[in-house]
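Architecture and fold: a report
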Amino acid sequence: MADTQPYVRPDVKAILDALAAMAGPEMSEMPLAEARGSYLAMGAMLEADAVPLALIKDLTCPGPGGDIPLRLYDARAERGPGPVIMFYHGGGFVIGDLDTHHALCTEIAAAMDLPVVAVHYRLAPEAPYPAAADDCEAATRWVAESPADLGRGVTGLITIGDSAGGHLAIVVPQALAAKAAAVPVIMQVPIYPATDESSDGSMQQFAEGFVLTKKTMDWFMDCYAPVAGEARAYPIHGNHAASPPTVLTTAGLDPLRDQGRRYGAALIQAGVECHYMEMKGIVHGFVNLRKAVPSAQADTHAIFKAMKLMLERISA
């Protein structure tokens, strides 16, 4: 039986109360441009400051719908060959861009001491399913070839993303496993990912009042228009046995929580090494709320610690 009064951390309750007091329209009720601008503005208020890095560089690569904007982050101005982290931003395939997740990408690059390449894929509804997946796969294949513009030799790929980006962090390795890239995906790191078609369980329990609402999630899916039963649309239907070692994170107060739990169970049933963490008492989007919710910073760095542990195991 679902908890009727789930645990909510004090700093999470404070931000939930503040957001409730604002009483503005949901994103699904705004004009599209306003919704995208609201997401960027919210990040400026709630997200931690960017970490200074030796290198932040905008790039582009060819994609199926035209050039794909990328941003390279590195704590070192130069480095030898090694793994590269591919970051796919969240936002329900509808909102979000390189700027909404800029501070988070600087945090990843600094904490992991690895290059990070963030991908700004085409957004729905202008570019519905499977445009986001197609762009992220194309960008990842491009990076895998160690292009001169990157200035770094790539020996392996780590895919990471939050929410819709967590979905893409699973879908891209599935695609690359089916048709190999120049170098392998050595780890995937989905953070509170969308993985299946379900609308029960946590989707109902946390439908309202916990940042991401079911109404907004339904709007995202209506815009992206994924096809039920297809692995590229819902990665729960993919070949889990071919998945790379995984660091999977869910949030305890998230409508998508149960989708992440089910995906983790599928990986374990397939014999894939999986480090699963559920962050109790916190909401969807916590990696972008680190100023407003101080405890989210520790949760974010717990993900990095798990990634480092997994890298040690892979390298052993």
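Scroll up a little and you will see the structure.
We now turn to the structure provided with this report. These figures come from a predicted structure and were not determined experimentally.

Reading the values: rules and limits
Residues numbered from 1 in each chain as written. Predicted model: local features only at pLDDT ≥ 70, side-chain atom pairs only at ≥ 80, totals over all residues. Heavy atoms only, no water. Helix = DSSP H or I, 4+ residues; strand = E, 2+ residues; numbered from the N terminus. Rg over C-alpha atoms; globule rule 2.2 N^0.38 Å. Areas by Shrake-Rupley, 256 points an atom, 1.4 Å probe, with all protein chains shown as cover. Lys, Arg positive; Asp, Glu negative; His and termini not counted. Charge placed at Lys NZ, Arg CZ, Asp CG, Glu CD. Buried < 20%, exposed > 50% of the residue type's maximum accessible area, 1.4 Å probe, protein only. Contact = heavy atoms within 4.5 Å. Axes fitted to C-alpha atoms, helices over the stretch in contact; angles between N-to-C directions. Left-handed = near helix turned anticlockwise from the far one by under 90°. Nonpolar A, V, L, I, M, F, W, Y, C, P; charged D, E, K, R; others polar. 1 Å grid on protein atoms, 1.4 Å probe; cavity = no way out; pocket = protein on both sides within 12 Å on 5 of 7 lines; lining within 4 Å. Points joined across faces, edges and corners; volume = space filled by probe spheres on them. Pairing = 2+ DSSP bridges. Right-handed = clockwise from strand over helix to strand, strands pointing away. Polar contact = N/O pair within 3.5 Å; in protein donor to acceptor, adjacent residues only side chain to side chain. Phe/Tyr/Trp six-rings, centres within 6.5 Å; stacked < 30°, edge-to-face > 60°.

Before going further, it helps to examine the overall build of the protein chain. Helix and strand counts for the protein chain stand at nine helices and eight strands. What you see for the protein chain is a C-alpha radius of gyration of 18 Å, in line with the 20 Å of a compact globule of 316 residues. Taken along the three principal axes of its C-alpha coordinates, the protein chain extends 50 × 40 × 40 Å. Total accessible area on the protein chain is roughly 12500 Å²; 56% of this is exposed by carbon and sulfur atoms. The averaged location of the 36 negative side-chain charges in the protein chain is 5 Å from the averaged location of its 23 positive side-chain charges.

With nine of 11 residues buried, helix H3 (residues 102-112) lies mostly within the body of the structure. Within H3, burial applies to Ala103, Leu104, Cys105, Thr106, Glu107, Ile108, Ala109, Ala111 and Met112. Packed against the buried residues of H3 are strand S1 (55-61), strand S2 (68-74), strand S3 (82-88), strand S4 (116-119), strand S5 (154-162) and helix H9 (295-315). At the C-terminal side of H3, Asp113 shows a positive phi close to 50°.

What follows is about the packing of helix H4 (residues 131-144) against helix H5 (residues 164-178). To describe two helices that pack against each other, one gives the angle between their axes and the distance between the axes. Interaxial distance between H4 and H5 falls to 9 Å at its minimum, and their mutual angle equals 60°. The two elements H4 and H5 meet at a crossing, and its hand is right-handed. Contact with H4, carried on its side by Ala132, Ala133, Cys136, Glu137, Thr140 and Arg141, involves Leu168, Val171, Val172, Ala175 and Leu176 of H5 and no other residues of that element. In the contact of H4 with H5, the residues fall into eight nonpolar, one polar and two charged.

The space that makes up the largest pocket amounts to roughly 1000 Å³. Along its surface, the largest pocket is lined by 37 residues, and Leu19, Met27, Met42, Val211 and Leu212 are the ones closest to its centre. For the lining of the largest pocket, the secondary-structure elements that each account for two or more residues are helix H1 (10-22), helix H2 (32-46) and helix H7 (214-224). Among the elements that take part in the lining of the largest pocket, H2 stands out by supplying six residues, more than any other. Classifying every residue of the lining of the largest pocket gives 19 nonpolar, 15 polar and three charged. In this structure, the second largest pocket encloses a volume near 190 Å³. Along the wall of the second largest pocket there are 16 residues; nearest its centre are Asp196, Glu197, Ser198, Met221 and Tyr234.

Further remarks concern the sheet that holds S1. Ordered by their spatial adjacency, eight strands build an open sheet running S1-S2-S4-S3-S5-S6-S7-S8, and the pairing between neighbours is mixed. Edge strands, defined here as strands with exactly one partner in the open sheet, are S1 and strand S8 (274-279). When strand polarity is set aside, the average angle formed by the axes of neighbouring strands in this sheet is 20°. In this structure, strand S6 (residues 185-191) lies alongside strand S7 (residues 246-251), joined through two bridges in parallel fashion. By the bridge assignment, Gln188 is partnered in S7 with Thr246. With respect to the sheet, H3 is in contact with S1, S2, S3, S4 and S5, its orientation differing from that of S2 by roughly 40°.

As a further point, take the pairing of S7. Within a regular beta strand, the side chains point alternately toward one face of the sheet and then the other, so they alternate between its two faces. Taking burial as the measure, the six residues of S7 include six buried ones, the bulk of the element. Burial along S7 is two-sided: the residues Thr246, Leu248 and Thr250 and Val247, Thr249 and Ala251 are all buried. Bridge count between S7 and S8: six bridges; the pairing is parallel. Bridge pairing in S8 links Val247 to His275. Between the parallel pair S7 and S8, the chain is carried across by helix H8 (residues 257-269), and the sense of this crossover is right-handed.

The next thing to look at is the side chain of Asp74. The topology assignment puts Asp74 in strand S2. Polar side-chain contacts of Asp74 include one of 3.0 Å to the backbone nitrogen of Arg76.

Inspection of the entire model under this criterion finds five aromatic pairs. Consider the rings of Phe93 and Tyr224, whose centres lie 3.9 Å apart with planes at 10°: the pair is stacked. Pair noted here: Phe93 is in the loop between S3 and H3 and Tyr224 is in helix H7, with a separation of 131 residues, a long-range link. Classification of Phe93 as buried rests on a relative accessible area of 3%. Residue classification places Tyr224 among the buried positions, given a relative accessible area of 1%. On the numbers, 5.5 Å between centres and 35° between planes, the contact of Trp219 with Phe220 is tilted. You can call Phe220 buried: its relative accessible area is 6%. Through a chain of ring-to-ring contacts, three or more aromatic side chains come together here, namely Phe93, Tyr129 and Tyr224.

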